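Residue-level listing of the chains:
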Amino acid sequence: MSLSVADVVAATVREWSRAHPVRVLWHGGEPLATGVPHFRALLARFGSGESHPVRHAVQTNATLIDRSYSAAPEVGVRLDVAGRSFGRCVGLILRVLL
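Residues numbered from 1 in each chain as written. Predicted model: local features only at pLDDT ≥ 70, side-chain atom pairs only at ≥ 80, totals over all residues. Heavy atoms only, no water.

Visitor: What am I meant to see in the pattern of salt bridges here?
Guide: Two side chains that carry opposite charge are able to pair once their charged atoms sit near each other. Under the definition given, this model contains two salt bridges. Across the pair Arg45 and Asp7 runs a salt bridge, and its minimum N-O distance is 2.7 Å. With Arg45 in the loop between helix 2 (36–44) and strand 2 (54–59) and Asp7 in helix 1 (residues 3–16), this residue pair connects regions lying 38 residues apart in the sequence. Classification of Arg45 as partly exposed rests on a relative accessible area of 30%. Among the ionic pairs, Glu15 bridges to Arg18, the shortest N-O distance being 3.0 Å. (Salt bridge = Lys/Arg side-chain N within 4 Å of Asp/Glu carboxyl O. Helix = DSSP H or I, 4+ residues; strand = E, 2+ residues; numbered from the N terminus. Buried < 20%, exposed > 50% of the residue type's maximum accessible area, 1.4 Å probe, protein only.)

Visitor: Is there a simple way to think about the environment of Ser68 in this case?
Guide: You can see Ser68 is positioned in the loop between strand 2 and strand 3 (74–76). For the pair Ser68 and Pro37, spaced 31 residues apart in sequence, the C-alpha separation works out to 9.7 Å. Discounting chain neighbours no more than four positions away, the residues touching Ser68 are Val36 and Arg40. (Contact = heavy atoms within 4.5 Å.)

Visitor: Which parts of the structure should I look at to understand the pairing of strand 1 (residues 22–26)?
Guide: Along any regular strand, the residues point their side chains to alternate faces of the sheet. Going residue by residue along strand 1, you find Val22, Val24 and Trp26 tucked away on one face and Arg23 and Leu25 left uncovered on the opposite face. Where strand 1 meets strand 2, five bridges bridge the pair, whose relative direction is parallel. Pairing of Val22 across the sheet is with Val54, part of strand 2. (Pairing = 2+ DSSP bridges.)

Visitor: Sorry if this is basic, but what is going on with the packing of aromatic side chains here?
Guide: Geometry of an aromatic ring pair is reported as the spacing of the ring centres plus the angle between the planes. On inspection of all chains with the given rule, the structure shows two aromatic pairs. Ring geometry for Trp26 and Phe39: centres 5.7 Å apart, planes at 70°, overall edge-to-face. In this pair, Trp26 is assigned in strand 1 and Phe39 in helix 2, connecting sequence segments 13 residues apart. Of the two residues, Trp26 and Phe39, both sit in the buried class. Geometrically, the ring pair formed by Trp26 and Phe46 is edge-to-face, given 5.8 Å between the ring centres and 85° between the ring planes. Placement of the pair is Trp26 in strand 1 and Phe46 in the loop between helix 2 and strand 2, with a sequence separation of 20 residues. Side by side, Trp26 and Phe46 carry an identical accessibility label, which is buried. (Phe/Tyr/Trp six-rings, centres within 6.5 Å; stacked < 30°, edge-to-face > 60°.)

Visitor: How should the side chain of Ser17 be read in this particular structure?
Guide: Turning to its location among the elements, Ser17 is positioned in the loop between helix 1 and strand 1. A residue is classified by how much of its surface remains accessible, and Ser17, at 0% relative accessible area, is buried. In this structure the side chain of Ser17 is engaged in a polar contact, spanning 2.7 Å, whose partner is the backbone oxygen of Arg14. Discounting residues that sit within four places of it in the chain, Ser17 has contacts with Val22, Gly49, Glu50, Ser51, His52 and Val54. (Polar contact = N/O pair within 3.5 Å; in protein donor to acceptor, adjacent residues only side chain to side chain.)

Visitor: Mind showing me how you'd approach helix 1 here?
Guide: Structurally, the α-helix is built with 3.6 residues per turn, so residues lying three or four positions apart point the same way. With 14 residues, helix 1 should cover 20 Å at 1.5 Å per step; its first-to-last C-alpha distance of 20 Å lies within 8% of that length. Where helix 1 is buried, its residues touch strand 1, helix 2 and strand 2. (Expected span 1.5 Å × (residues − 1).)

In structure tokens form, the structure reads like this:
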């Protein structure tokens, strides 16, 4: 996402945050592929919200997560192996790795 597009989206999100908390979920393709500097610049466009907080979450396959993302928003990873989901275990694994 370009910063100019993020500015437009962020303005709408800030407006929503006047009425209720908002969580922005970054997903589609691989949102972390944009790199840490650009991703931080995107997040900065949103601010902390108006009357209620704006929070961010990331849906990722976790292949690009390293220590540089340690200050990133919530990161959810779901592992599917032979039809079984292991999403609850991954948070613990990520905390150990980071």
